[in-house]
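Descriptive analysis of the structure
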Amino acid sequence: MADAYKVDGMTCSGCARSVSNAITRAAPDAAVTVDLATGTVLVDGDVPAEVVRQAVEAAGFDFGGPAA
Ligand SMILES: [Cu+2]
């Protein structure tokens, strides 16, 4: 099941790649999709939100919580 989260501060495809890579490192089995236009990250896999938050923040971006 995929979970959507808001991530603030991504401005280009390099940012998107940084966030995607950080989450993938923390959760190697997850499939990560970044929607740059909406600042949304889709994480497909059984990944706790806290793990996603830590990965996003460690990469230097703001974790905005679950996307509505
Ligand atoms: Cu960037």
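Coordinates for the structure precede this section.
Okay, so let's go over this structure. Quantities reported herein were computed from a predicted structural model and do not represent experimental measurements.

How each quantity is defined
Residues numbered from 1 in each chain as written. Predicted model: local features only at pLDDT ≥ 70, side-chain atom pairs only at ≥ 80, totals over all residues. Heavy atoms only, no water. Axes fitted to C-alpha atoms, helices over the stretch in contact; angles between N-to-C directions. Helix = DSSP H or I, 4+ residues; strand = E, 2+ residues; numbered from the N terminus. Parallel < 35°, antiparallel > 145°, perpendicular 65-115°, else oblique. Left-handed = near helix turned anticlockwise from the far one by under 90°. Contact = heavy atoms within 4.5 Å. Nonpolar A, V, L, I, M, F, W, Y, C, P; charged D, E, K, R; others polar. Pairing = 2+ DSSP bridges. Donors = N, O, S within 2.8 Å, 3.2 Å for Na, K, Ca; no water. Buried < 20%, exposed > 50% of the residue type's maximum accessible area, 1.4 Å probe, protein only.

Regarding the packing of helix α1 (residues 13–26) against helix α2 (residues 49–58)
Between α1 and α2, whose axes approach to 8 Å, the crossing angle comes to 135°. Considered as vectors, α1 and α2 are oriented oblique to each other. For α1 against α2, the interelement crossing comes out right-handed. Contacts between α1 and α2 involve Val19, Ala22, Ile23 and Ala26 from the first element and Val51, Val52, Ala55 and Val56 from the second. Residues that form the contact of α1 with α2 fall into these classes: eight nonpolar, no polar and no charged.

Looking at the sheet that holds strand β2 (residues 31–35)
Pairing is antiparallel in the open sheet, where four strands are placed in the order β2-β3-β1-β4. At either end of the open sheet lies a strand with only one pairing partner, and these are β2 and β4 (62–66). Direction aside, neighbouring strands of the sheet carry axes that sit 25° apart on average. Strands in contact with α1 are β1 (2–8), β2 and β3 (40–44); relative to β2, the strand with the most contacts, it is inclined by about 160°. Helix-sheet contacts for α2 involve β1, β3 and β4, and the interaxial angle to β4 is about 160°.

Re the coordination of the copper ion
Summarising the metal site, the copper ion is bound by the protein donors Cys12 (SG) and Cys15 (SG), whose distances to it range over 2.0 to 2.1 Å. Owing to a relative accessible area of 36%, cysteine 12 belongs among the partly exposed residues under this scheme.

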